[in-house]
Amino acid sequence: MRLIRGLNHLEPLRDGCVLTIGNFDGLHLGHQLVIEKLAEHGRRLQLPTVAMVFEPQPLEYFLGDHAPSRLTRLREKTIQFAKLPVDELLVLPFNRSLADCDAEHFIRDILVERLRVKHLVVGDDFHFGKARRGNFALLQHRGEEYGFAVEDSHSFELAGLRVSSTLIRDALGEGQLEQAKLMLGRDYSVCGRVAHGDKRGRELGFPTANVRMFRKNTPVVGVFAVTMTGLNGNEYQGVANVGTRPTFDGGAKVVLETHLFNFNQDIYGHYVEVHFKKKLRDEIRFASLSELKLQISRDVEQAQQFFSETLDMK
């Protein structure tokens with residue numbers, strides 16, 4: 001898969017492409033189904049399969065810190081896209097210029113002249129262009145004029161519920177990790193590079209690998225049983241805290257701290273993935289460090305028991 005950052009790096013596609021447009025936050029089972037169907041059209045027409053996403057996501061641009069929490073950062077999204085039959089991932093910077101872009105201009109200059117789209121898949125509630133004036137009906141009308149087909153990305157349902165990023169976000173916020181996993185098709189996870197922290201965990205006897213979240217909001221908060229991958233091809237079990245560390249007056253910055261069981265390696269700078277398996281408790285403020293240390297011991301014991309029970313069921 002080829003990652004293209006911005007239209008300036010996109011050479012006009014001589015023969016055209018099949019295209020889908022969206023946020024694809026989380027790349028859940030519904031998104032995956034859209035990509036698989038689009039790839040079928042690509043094979044039939046012998047054209048590359050292209051996915052267009054925006055960075056930041058439009059609601060983040062308009063709402064800032066009040067935007068819904070994000071399931072996947074761009075790099076995480078790119079990793080998931082690379083597992084799917086996508087030839088090119090086109091990332092358009094969502095800025096004032098794109099927000100003010102007229103819908104007709106977007107269709108003519110980007111979809112037709114630059115991408116030469118032959119088959120387009122979007123949601124029937126898809127809106128684009130200045131003041132969101134562009135919609136599915138306009139795309140169908142212009143598709144007939146310019147010679148490209150427009151298809152609705154039909155919703156994917158699970159147990160009667162329409163799978164969506166919002167529903168997954170809600171499930172994660174309520175600690176329903178299994179429900180989120182069913183909709184994602186995988187455990188919810190966070191990727192990032194292990195960075196130096198203030199060594200508080202080491203002082204308490206529970207050294208942690210600290211991963212910078214780079215999120216304005218996070219869909220998960222609390223203490224979790226987790227696994228970590230990205231280290232020598234192995235999977236390590238542990239317990240993680242996601243939050244603002246109220247015992248240490250951490251402020252508004254959200255951090256992900258993971259204590260790995262029976263692990264003593266220098267992994268600073270490693271790019272890792274933390275997979276959330278079970279929520280153990282909410283994040284709370286402790287009156288003393290001794291109370292916090294005791295609770296961490298209990299968290300570790302509970303997480304180890306969870307992994308032991310999970311292994312017994314296999």
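Here, the structure is the one placed above.
From a predicted model like this one, the values you see are computed outputs, not experimental measurements.

Criteria and thresholds
- Residues numbered from 1 in each chain as written.
- Predicted model: local features only at pLDDT ≥ 70, side-chain atom pairs only at ≥ 80, totals over all residues.
- Heavy atoms only, no water.
- Axes fitted to C-alpha atoms, helices over the stretch in contact; angles between N-to-C directions.
- Helix = DSSP H or I, 4+ residues; strand = E, 2+ residues; numbered from the N terminus.
- Parallel < 35°, antiparallel > 145°, perpendicular 65-115°, else oblique.
- Left-handed = near helix turned anticlockwise from the far one by under 90°.
- Contact = heavy atoms within 4.5 Å.
- Nonpolar A, V, L, I, M, F, W, Y, C, P; charged D, E, K, R; others polar.
- Pairing = 2+ DSSP bridges.
- Core = buried A, V, L, I, M, F, W, Y, C linked by side-chain atoms within 4.5 Å.
- Buried < 20%, exposed > 50% of the residue type's maximum accessible area, 1.4 Å probe, protein only.
- 1 Å grid on protein atoms, 1.4 Å probe; cavity = no way out; pocket = protein on both sides within 12 Å on 5 of 7 lines; lining within 4 Å.
- Points joined across faces, edges and corners; volume = space filled by probe spheres on them.

## Description of the packing of helix 7 (residues 165-173) against helix 8 (residues 177-184)
Thought 1: The geometry of helix 7 relative to helix 8 is characterised by a closest axis approach of 8 Å and an angle of 155° between their N-to-C directions. The pairing of helix 7 with helix 8 is recorded here as roughly antiparallel in orientation. Crossing of helix 7 over helix 8 shows left-handed handedness. Of the residues in helix 8, those touching helix 7 at Leu167, Ile168, Ala171 and Leu172 are Leu177, Gln179, Ala180, Met183 and Leu184.
Thought 2: For the contact of helix 7 with helix 8, a count of residues per class yields eight nonpolar, one polar and no charged.

## With respect to the sheet that holds strand 3 (residues 49-55)
Thought 1: If you walk across this open sheet you meet the six strands as 1-4-3-2-5-6, and the pairing is parallel. Both edges of this open sheet fall to strand 1 (2-5) and strand 6 (149-152), since each of them pairs with a single strand only. Neighbour-to-neighbour, the strand axes of the sheet open up by a mean angle of 20°, direction not taken into account.
Thought 2: Looking at chain direction, strand 2 (residues 17-21) and strand 5 (residues 117-122) are connected through four bridges and run parallel. Bridging across to strand 5, Cys17 finds its partner in Val117.
Thought 3: Contacts between helix 1 (residues 29-45) and the sheet are confined to strand 2, strand 3, strand 5 and strand 6, with strand 2 contributing the most and set at about 165° to the helix.
Thought 4: Against the sheet, helix 3 (residues 74-81) touches strand 1, strand 3 and strand 4 (88-93), its axis set at about 170° to strand 3.

## Topic: the sheet that holds strand 10 (residues 209-212)
Neighbouring strands of a sheet are bound in pairs by backbone hydrogen bonds; such pairs are parallel or else antiparallel.
Thought 1: Ordered in space as 9-10-13-12-11-14, the six strands form a closed barrel in which the pairing is antiparallel. When strand polarity is set aside, the average angle formed by the axes of neighbouring strands in this sheet is 45°.
Thought 2: Bridge count for strand 12 (residues 234-243) against strand 13 (residues 255-260) is six bridges, and the pairing is antiparallel. Note on strand 13: the bridge partner recorded for Gly243 is Val255.
Thought 3: Across the sheet, helix 3 lies against strand 9 (189-195) and strand 14 (271-281), angled at about 125° from strand 9, the strand it touches most.

## A few points about the nonpolar core
Thought 1: Counting residues in each nonpolar core, the largest one holds 31 residues, and the members touching the most others are Leu19, Ile21, Met52, Leu111 and Leu115.
Thought 2: Not counting the four nearest positions on each side in its chain, Leu111 is found in contact with Leu19, Ile21, Met52, Phe106, Arg116, Val117, Leu120 and Leu139.
Thought 3: One finds Leu177, Val194, Tyr236 and Ala240 within the second-largest nonpolar core, a separate group that totals 30 residues.

## Comments concerning the layout of surface pockets
Thought 1: In this model, the largest pocket occupies a volume close to 1400 Å³.
Thought 2: What lines the largest pocket is a set of 49 residues, among which Gly22, Asn23, Phe24, Asp125 and Phe126 lie closest to the centre.
Thought 3: Elements with a minimum of two residues in the lining of the largest pocket: strand 2, helix 1, helix 2 (58-63), helix 4 (96-99), strand 5 and helix 7.
Thought 4: Top element by residues in the lining of the largest pocket is helix 2. It accounts for four residues.

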